[in-house]
Every structure is written in structure tokens, then in C-alpha cells.
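# Commentary on secondary and tertiary structure
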Amino acid sequence: SINRDTMTDIRQYSLDGTDMGLYQTHIGYAYTYGDGGKVSCENLCEAVSLLFGGIPINRYVVTNQDSMPYINNLVGGVEVTVPNNDLAEEYPDLYEGAQVTLDATTIKPFLQYRDTSIDFSNEGRMERQRAFAMSYVNKVKSMDKSHIEKLWDSLDTMKDYLQTSITKNQYINLADFIKKSELTDDSFIKLEGQDQVGKIHDEFYPDEDALQQLIIDLFYEKV
């Protein structure tokens, strides 16, 4: 999980599509500098690649906020344990420790909401996204292969909300890999680093030593 406030090099384009080169800003802006389609997706991939020392990012899935109910419904709703009290005031049922099945009324606030008046509130949102991701994976693991294959066809209903370079065969292979994997909370990795209050938005600066070690651990094999 990469904090959307991570400060890193991204490529900026002018309104007429001219490449303005790299500059440092929030990685969350990488998609913005593009055409809202393939160029934006590839720009985001490049930003992540640059952050990870040039490791190629060959595939992407990009969705917008309206996709959340569709993603949730694909597996019949996801039950989560709420990890913090960020939503408790606005949504009393979503208090820390509560076990809830997310539906059309709760999925978007659970994944999206943060109080921007509080410094570094994205950290709490990332905790909730992690809880959702782990529960979602477990739901997929419980499905048989034929059901998983049918889900691909259901993605047609999301064509206005989803962009991907993944093919059906790659999707099925990924689903098979997930079903065979033993995923735990330790499988979900978050970059180490330091939060800082910026002039306009929060800023997150990765710990370079920890990042380099993570790249070695994840992407290299000792010979």
C-alpha cells in the first residue's frame, strides 16, 4: 500500500499533451497528469516504477469512486472488522472492533472518507482499505473456479468505472494464485516513512533505506 501523499517524481504534461518532464509532488497526482485514460494509467505506473527504483509496472487496474459498490457486490458483500473510530461519529455502527458487512450505503465512506481537517488522516483510511482488501481476498479464496471465471464477464457492468491492461487469462491466473496463497496481515506491506504537514496537503516521505531493503526483499533473488 502506497500512501497517496507520498512525495516522489512524476511526469507532468501540459494541457496540449506536451511532456513537461519530471518533478516531485504527491504520487496521487500522477493519474491527473494525463488524458483520463490510458496515458493517465501509464503515467501512474511510471510514477510507481520510479518510486521503486525502476522496477517495471506492467499491469494496472484503475477504478473511480463510483466503482466501489460494484466491486463489493461482485463477491456478495464483504464482512470487515472496523479497525478504527474514524467513522463512528458519522456512522455509529462503524466503530472500532465492530464486525459489519459493507453494503451500498457504507462501502464508499468505509473506503474513501477521511477528515481532511486532521493531519495525516489518510493513515486511518489506509487501515480501513487494508481491512477491506484482506477480507475481499478471503472471499475470493472461498469461491470455486467457475464462479471466479464468471466474475470477469460481470466486469462489463463496470466499463464506465474501470480501466485495466489485464487480460482475462491473466485475471484467472491471478485468481488461482490468490486461492493458493496463505495471506495474513503481514502480507499487506505499507511503506515506512515520515509524515509531514505540507503547505497545502499532508506529505509522506519514504524512508529511503527501508524502501531499498523492501525492493531487494520483494523483487530480487539471491544468487
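Going by the structure above, here's the rest.
Residues numbered from 1 in each chain as written. Predicted model: local features only at pLDDT ≥ 70, side-chain atom pairs only at ≥ 80, totals over all residues. Heavy atoms only, no water.

### Notes on a negative patch on the surface
Formally: Patch building starts from residues that exceed 30% relative accessible area and form no salt bridge, then joins like charges within 9 Å and nonpolar side chains (Val, Leu, Ile, Met, Phe, Trp, Tyr) within 5 Å. Throughout, the Shrake-Rupley method with a 1.4 Å probe supplies accessible areas, and for residues the shown protein chains are the sole cover considered. Definition used for salt bridges: Asp or Glu carboxyl oxygen within 4 Å of a side-chain nitrogen of Lys or Arg. Note on charges: Lys and Arg go in the positive column, Asp and Glu in the negative column, and His and the chain ends are not counted at all. For the purpose of locating charges, the reference atoms are NZ of Lys, CZ of Arg, CG of Asp and CD of Glu. A run of H or I in DSSP becomes a helix once it reaches four residues, and a run of E becomes a strand once it reaches two; helices and strands are each numbered from the N terminus. Exposure classes here rest on a 1.4 Å probe applied to the protein chains alone. A residue is buried below 20% of its type maximum, exposed above 50%, and partly exposed in between.
Taken together, the side chains of E192, D207, E208 and D209 define an acidic patch exposed on the protein surface. Here D209 lies in helix α7 (residues 208-219). Note on D209: relative accessible area 65%, which makes it exposed.

### A short note on unusual backbone geometry
Excluding glycine, residues mostly carry a negative phi; peptide bonds, for their part, are mostly trans. Residue F120 is not a glycine yet carries a positive backbone phi of 60°. Take F120: it is sitting in the loop between α3 (107-112) and α4 (122-141).

### Let's talk about a nonpolar patch on the surface
On the surface, I189, I216, L218, F219 and Y220 cluster together into a nonpolar patch covering about 480 Å² of accessible area. Tracing the backbone through its elements, the reader meets L218 in helix α7.

### Description of the nonpolar core
The line we're drawing: We call a set of buried residues a nonpolar core when its members are Ala, Val, Leu, Ile, Met, Phe, Trp, Tyr or Cys and they connect through side-chain atoms within 4.5 Å of each other. Residue contacts are counted whenever heavy atoms from the two residues lie within 4.5 Å of one another.
Counting residues in each nonpolar core, the largest one holds 24 residues, and the members touching the most others are V100, L102, F110, F132 and Y136. Among the secondary structure elements, those contributing two or more residues to this core are α2 (68-74), α3, α4, α5 (145-154) and α6 (168-180). Contacts of F110, omitting those with residues within four sequence positions, involve V80, V82, P83, L87, L102, R128 and F132. In this structure, I10, V48, F52 and I215 belong to the second largest nonpolar core, which totals 14 residues.

### Digging into the packing of α5 against α6
Each pair of packed helices can be summarised by the angle the axes make with each other and by the distance between the axes. For clarity, the cut-off: Axis definition: a line fit to C-alpha positions, over the contact stretch in the case of helices; interaxial angles, taken between N-to-C directions, run 0 to 180 degrees. Roughly parallel means an angle under 35 degrees; roughly antiparallel means over 145; roughly perpendicular covers 65 to 115; every other angle is labelled oblique. Two helices cross in a left-handed way if the nearer one is turned anticlockwise from the farther one by less than a right angle. They cross in a right-handed way if the turn is clockwise. Gly is placed with the polar residues, together with every amino acid not listed as nonpolar (Ala, Val, Leu, Ile, Met, Phe, Trp, Tyr, Cys and Pro) or charged (Asp, Glu, Lys and Arg).
Viewed as axis vectors pointing N to C, α5 and α6 meet at an angle of 140°, and their least axial separation amounts to 10 Å. Put simply, α5 runs oblique to α6. When the axes of α5 and α6 are compared, the crossing they make is right-handed. Along the contact surface, α5 presents K145, I148, E149, L151, W152 and D153, while α6 presents K168, Y171, I172, A175, D176 and K179. In terms of residue class, the contact of α5 with α6 is made up of 6 nonpolar, no polar and 6 charged.

### Here's the deal with the packing of aromatic side chains
Here is the rule: Pairing of aromatic rings covers Phe, Tyr and Trp, the last through its six-membered ring, and needs centres within 6.5 Å; plane angles under 30 degrees mean stacked, over 60 mean edge-to-face, and all others mean tilted.
What the rule picks out here adds up to 5 aromatic pairs. Here W152 and Y171 contribute two aromatic rings whose centre-to-centre distance is 5.1 Å and whose plane-to-plane angle is 40°, an arrangement assigned as tilted. Of the two residues, W152 is situated in helix α5 and Y171 in helix α6; the sequence distance between them amounts to 19 residues. Here Y171 falls in the buried class, since its relative accessible area comes to 18%.

### Brief notes about the pairing of strand β7 (residues 193-197)
Here is the rule: Strands were regarded as paired on the criterion that DSSP finds at least two bridges between them.
As paired strands, β7 and strand β8 (residues 202-206) are joined by 5 bridges and run antiparallel to one another. Looking at the pairing, D195 lines up with F204 of β8. Where β7 hands over to β8, the hairpin turn is made up of 4 residues, counted between the paired strands.

### What about the side chain of S49?
Inclusion rule: Polar contact is defined as a pair of N or O atoms within 3.5 Å, subject to the rule that within protein one atom must be able to donate a hydrogen and the other to accept it, and that residues adjacent in sequence are counted only when both atoms are side-chain atoms.
When you line up the elements, S49 lands in helix α1 (residues 38-51). Of note is the side chain of S49, whose polar atom sits 2.8 Å from the backbone oxygen of I55. Residues in contact with S49, not counting those within four places in the same chain, are G54, I55, P56 and I57.

### Structural notes on the pattern of salt bridges
In total, this model carries 9 salt bridges according to the counting rule given. Linking D5 and R114 is a salt bridge whose minimum nitrogen-to-oxygen distance equals 3.7 Å. Note that D5 is positioned in the segment before β1 (7-13) and R114 in the loop between α3 and α4, a separation of 109 residues in sequence. The pair D5 / R114 is uniform in exposure class, with both members buried. Residues D176 and K145 are paired through a salt bridge, measuring 3.9 Å at the closest nitrogen-oxygen approach. Highlighted residues: D176 in helix α6 and K145 in helix α5, separated in sequence by 31 residues. On the accessibility criterion, K145 (45% relative accessible area) is partly exposed. Via salt bridges that share partners, R4, D5 and R114 belong to a single interconnected network.

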